[in-house]
Amino acid sequence: MKNQKHLFQLPENVHFLNCAYMSPIMKSVEEAGIEGIQRKRNPIPLVPAKFFDEIEQLKQTFGLLIQAEAKQIAIIPSASYGLENAISNVPCQRGQHGLLVSDTFPSGYFAAKNWSKKHQTEIITIEVPNQAKKGAFWNEKILQAINEQTAFVLLSHIHWMYGTQFQLDEISKRCQEFGTYLIIDGTQSVGALEIDVKALQIDALICSGYKWLLGPYSMGLAYYNERFNQGIPIENSWMNRLNSVDFAHLTNYEENYSAGAGRYNVGQTSNFIHTPMLLKSIEQILEWKVDEIQNYVKKLNEPLLDFLANQGFEVEDEKYRANHLLSFQLPQQISSENLLNEFKKHQLYLSVRGTSLRISPHVYNTEDDIQQLIHVLSQQEI
Ligand SMILES: Cc1ncc(COP(=O)(O)O)c(C=O)c1O
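Residues numbered from 1 in each chain as written. Predicted model: local features only at pLDDT ≥ 70, side-chain atom pairs only at ≥ 80, totals over all residues. Heavy atoms only, no water.

Visitor: Describe the overall build of the protein, with residues and values.
Guide: Along the protein, the regular secondary structure elements total 10 helices and 12 strands. In terms of overall size, the protein behaves like a compact globule, its C-alpha atoms giving a radius of gyration of 22 Å where 382 residues would be expected to give roughly 21 Å. By principal-axis analysis of the C-alpha atoms, the protein measures approximately 70 × 55 × 35 Å. The burial tally for the protein puts 54% of its 382 residues in the buried class. A fraction of 77% describes how many contacts in the protein between residues 6 or more apart in sequence connect residues 24 or more apart. Accessible surface computed for the protein: about 17400 Å², of which carbon and sulfur atoms make up 48%. One finds the centroid of the 33 positive side-chain charges in the protein at a distance of 3 Å from the centroid of its 42 negative side-chain charges. (Helix = DSSP H or I, 4+ residues; strand = E, 2+ residues; numbered from the N terminus. Rg over C-alpha atoms; globule rule 2.2 N^0.38 Å. Buried < 20%, exposed > 50% of the residue type's maximum accessible area, 1.4 Å probe, protein only. Contact = heavy atoms within 4.5 Å. Areas by Shrake-Rupley, 256 points an atom, 1.4 Å probe, with all protein chains shown as cover. Lys, Arg positive; Asp, Glu negative; His and termini not counted. Charge placed at Lys NZ, Arg CZ, Asp CG, Glu CD.)

Shown next as structure tokens:
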């Protein structure tokens, strides 16, 4: 795959290595949004069917990305919304607990905490190992902790701070053994790293749209498998009931929900601006192919990984990390504030999370961006 910078409009001189913070949007996505705004100039063509057709298309397209049927996909405004719908519908038998890892992003953490309060039970946290190569040990600890008392496991495929890749195939097998719900926050991976919800038997996969899906802020997508089809949604959108396309008869107050995960769509599902934007960006990702994106950033990272290895950094084994979100523990003598200032001076944009430096490239990045990062790092006492 070749560099795709020409499809974006990032300023010429910046080195933006921060997609894990927020992606830029492509020109085509921006244009789709502008057309979306213009649609409301004249509401006449916005007939009731239009409220449903485009979101159906978006669900089908996202389904191709994660190997799911459109019927099991819902439109969400944020990961926190999608995670609350998932976790609040996990049943709790006496003595059961929820399981997560340390430094879980707050969107999932608070949903899990809410569940534990409601059921007056505990959340078990598998702590991050205090070593550079965390993946093998952390993964093993998670596997050991899952048992018949585990109601759900909440994880990201790639940890947002540490860049650790959790072994979802092994974790899923363990969950299957005990009927444990496997709930994945895909915000930091879906779109840049392959995932197959059917093969992995994932129960719920929740994704914000503004990072690796390259979409707008305030719209995301969620997959819920059949175990959630009778659940209770966190709001009561009229649009989620059967036959809601029949605007003339809404006060028949249809009790039944639309099929599959339809009950979990956010109210005013058919956002006429965001829907065509997210659709456009996912179509482009499918055209590029997720594996190709991952390979592109892998190649880009090679000189950086060599540089870090030469500086004495222990780089995580490939199995336990990804290439679109790399994370390195900063040595104690380095002040993250000073380092970020130094980056800024060189027009380099990346994040520090906790005490880790997070590098998250995409297809708009070039070798020059990585060389600039190496240049600044080589001037530090690392
Ligand atoms: C792992 C993870 N989940 C979710 C989010 C965003 O959550 P929300 O969509 O609830 O704002 C982020 C943002 O950084 C994240 O890193």
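Having seen the structure, we can now continue with the description.
Visitor: Lay out unusual backbone geometry in plain terms, naming residues and giving numbers.
Guide: Phi is positive for D103, which is not a glycine, with a value near 60°. Looking at where D103 falls in the secondary structure, it is placed in the loop between strand 3 (97–101) and helix 4 (106–118). Look at D103 and you get partly exposed, because its relative accessible area is 33%. A positive phi angle is found at L214, which is not glycine, with a value near 60°. With relative accessibility at 0%, the residue L214 sits in the buried group.

Visitor: Please give an account of the side chain of N89 that cites residues and values.
Guide: Inspection of the secondary structure assignment puts N89 in the loop between helix 3 (79–87) and strand 3. By relative accessible area, N89 is classed as buried at 17%. Sequence-distant contacts of N89, defined by excluding residues within four places in its chain, comprise F228, G231, I232 and Y264.

Visitor: Quick one: what's the story with the site of the ligand, residue by residue and with numbers?
Guide: With respect to spatial proximity, 13 residues lie near the ligand, and among them A79, S107, D185, S208 and K211 are the closest. Here an oxygen atom of the ligand and a backbone polar atom of A79 are 2.8 Å apart. Here D185 contributes a side-chain N or O atom positioned 2.6 Å from a nitrogen atom of the ligand. Of the residues belonging to the shell around the ligand, the class tally is 4 nonpolar, 7 polar and 2 charged. (Near = heavy atom within 4 Å. Polar contact = N/O pair within 3.5 Å; in protein donor to acceptor, adjacent residues only side chain to side chain. Nonpolar A, V, L, I, M, F, W, Y, C, P; charged D, E, K, R; others polar.)

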